[in-house]
Amino acid sequence: MTGEAGEYRSALGSGVDAIEDGEGGEDDLAGDGAGESPGVEGPVDLIVPAVQHGWRLDRLLAATIVRHSRSHLQSLVEAGAVTIDGTPALQPSRKVSLRQRIRVELSLPLSQRPFEPEAMGMDIRYQDSHLYVLCKPAGLVVHPAAGHWSGTLLNGLLGMDPALALLPRAGIVHRLDKDTSGLLVVARSMLAMTGLVRALAAHDVRRVYRAVAQGVVPDRMTRVELPIGRDPRSRTRMAVIESGKPARTDIDRLATDGSFSCLECRLHTGRTHQIRVHLAHSGYPLVGDVLYGGAAELGMSRQALHAQCLEFAHPVGGQTIRVEADAPPDFESAWRAVAPE
């Protein structure tokens, strides 16, 4: 899943870069490694043949080292891992000349490297031999991705429990946005992972969030059932669009001060940014959620959203597991400003 709580997408880790078609012909690169397909890591030595005289360096590399994408080879050039006659090339667009000697220190893209364990404090709220329920702080990315290849919850899970390396995605079956705090369940066994994935797909996991929204949400607004997909105008946003996936959020207003509303939201599906999108589309963006039109109010510099409660049948034993987690201080302060009790 992605967003507040998303669907499980794959039993695989990060994908691999696309392989580009090579160019060349009978007069291929001569010298060391000629006629061979270079490996994915280690040094590769090449000599520029006549047919590739005047080519861009990145084009030549992509034609020869077909196990790596052109974009990754360009990044190696820019990082100084490619030399021409012993001098770092640095510019992928540089033209090469006949008989120049090129050395490439090949390394895997970050997306293909094994995820590294990292020491990280984990707020475990429940655990047994099959699963963990933990409380994620705001600001922590759940799974490695572009721009966040380390320092994620997954890295911390591997540091805490090395056996999780045997499971897809280290047992992660759903996610929270980076700046959303709250509860996540993580599998410790394949049996539990399979059961949790099925329960999420069947909407059998009760997921309750607390939120602070701008405006006065009406009491009658108890259900939002609108499809969500990628915003065609901005790839960083989601939106309510006709071609999107079905999404349902139940919303209850618990308090209002005439300017803001304290809400309890229950997810029935788990689309990316689901609560944030449904509320913003309805005219009530979350406090602090600048991506969807919210303003930094009530001391919140992030979206005012907290995953407060998880309840589900244990995927192995069948007993009911219910875990609650109080909101962090910034959220609690914003909530109390609206509902002081």
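Given the structure is predicted, the values throughout are model-derived calculations rather than measurements.

What about the packing of helix α1 (residues 57-64) against helix α2 (residues 70-78)?
Relative orientation of the contacting elements α1 and α2 amounts to 125°, with a least axis distance of 9 Å. Classified by the angle between their axes, α1 and α2 sit oblique to one another. Viewed along their axes, α1 and α2 form a crossing whose handedness is right-handed. Seen from α1, the contacting residues are L57, D58, R59, L61 and A62; seen from α2, they are R70, L73, Q74 and V77. Looking at the contact of α1 with α2, its residues break down into five nonpolar, one polar and three charged.

Examining the sheet that holds strand β2 (residues 82-84)
What the four strands build is an open sheet, ordered β1-β4-β2-β3; its pairing is antiparallel. Since the sheet does not close on itself, it has two edges, and those belong to β1 (42-47) and β3 (87-88), each with one partner. In this fold α1 packs onto β1, β2 and β4 (101-106), with an angle of close to 65° to the strand it touches most, β4. Against the sheet, α2 contacts β2 and β4, and its axis sits at roughly 105° relative to β4.

Description of helix α4 (residues 190-201)
The first and last C-alpha atoms of α4 sit 16 Å apart over 12 residues, in line with the 16 Å expected at 1.5 Å per residue. Among the residues of α4, A192, M193, L196, A199 and L200 are the ones counted as buried. Taken down its axis, α4 places every buried residue within 130° of arc, on the same side. The outward face of α4, more than 90 degrees from its buried face, is lined by the exposed residues L191, R198 and A201. Buried residues belonging to α4 abut β7 (181-187), β8 (206-214) and β14 (305-313). Positive backbone phi, at 60°, marks H203, one or two positions downstream of α4.

A short note on the packing of aromatic side chains
Ring pairs (aromatic) are described by centroid distance and by the angle formed between their planes. Enumeration over the complete set of coordinates arrives at one aromatic pair. Its guanidinium or amino end placed over the ring of W55, R59 lies 3.6 Å from that ring's centre, counting from NZ or CZ.

As for helix α5 (residues 274-281)
Burial of α5 is extensive: six of the eight residues sit out of reach of the surface. Among the residues making up α5, those that are buried are Q274, I275, R276, V277, H278 and L279. Of the residues trailing α5, G283 is marked for its positive phi of about 95°.

Brief notes about unusual backbone geometry
A positive phi angle, near 60°, is found at H273, a position not held by glycine. With respect to the element layout, H273 can be found in the loop between β13 (260-267) and α5. The phi angle at L298 is positive, at roughly 55°, despite the residue not being glycine. Relative to the helices and strands, L298 resides in the loop between α5 and β14. Classification of L298 as partly exposed rests on a relative accessible area of 26%.

What about the side chain of T180?
For T180, the position within the fold is in the loop between α3 (153-160) and β7. Judged by relative accessible area, which is 0%, T180 ranks as buried. Leaving out residues up to four positions away in the same chain, T180 has contacts with K136, P137, A138, Y209, R302, Q303 and L305.

So, the pattern of salt bridges
Should the charged atoms of two oppositely charged side chains come close, the side chains can pair. Under the criterion given, the structure shown has 19 salt bridges. The residue R276 makes a salt bridge to D177 at a minimum N-O spacing of 2.9 Å. On the criterion of sequence distance, the pair formed by R276 in helix α5 and D177 in the loop between α3 and β7 is long-range, its members being 99 residues apart. In this structure R276 comes out as buried when scored by relative accessible area, which is 6%. Take D177: its relative accessible area is 8%, and that puts it in the buried class. One salt bridge connects R237 with D231, and the closest N-O pair in it is separated by 3.3 Å. Connected through salt bridges with shared partners, the residues R206, E311, R322 and E324 form a single ionic network.

About the criteria used
Residues numbered from 1 in each chain as written. Predicted model: local features only at pLDDT ≥ 70, side-chain atom pairs only at ≥ 80, totals over all residues. Heavy atoms only, no water. Axes fitted to C-alpha atoms, helices over the stretch in contact; angles between N-to-C directions. Helix = DSSP H or I, 4+ residues; strand = E, 2+ residues; numbered from the N terminus. Parallel < 35°, antiparallel > 145°, perpendicular 65-115°, else oblique. Left-handed = near helix turned anticlockwise from the far one by under 90°. Contact = heavy atoms within 4.5 Å. Nonpolar A, V, L, I, M, F, W, Y, C, P; charged D, E, K, R; others polar. Pairing = 2+ DSSP bridges. Expected span 1.5 Å × (residues − 1). Buried < 20%, exposed > 50% of the residue type's maximum accessible area, 1.4 Å probe, protein only. Arc of directions from axis to C-beta. Phe/Tyr/Trp six-rings, centres within 6.5 Å; stacked < 30°, edge-to-face > 60°. Lys NZ or Arg CZ within 6 Å of the ring centre and 35° of its normal. Salt bridge = Lys/Arg side-chain N within 4 Å of Asp/Glu carboxyl O.

Interpretation in functional terms is not warranted from these geometric data alone.
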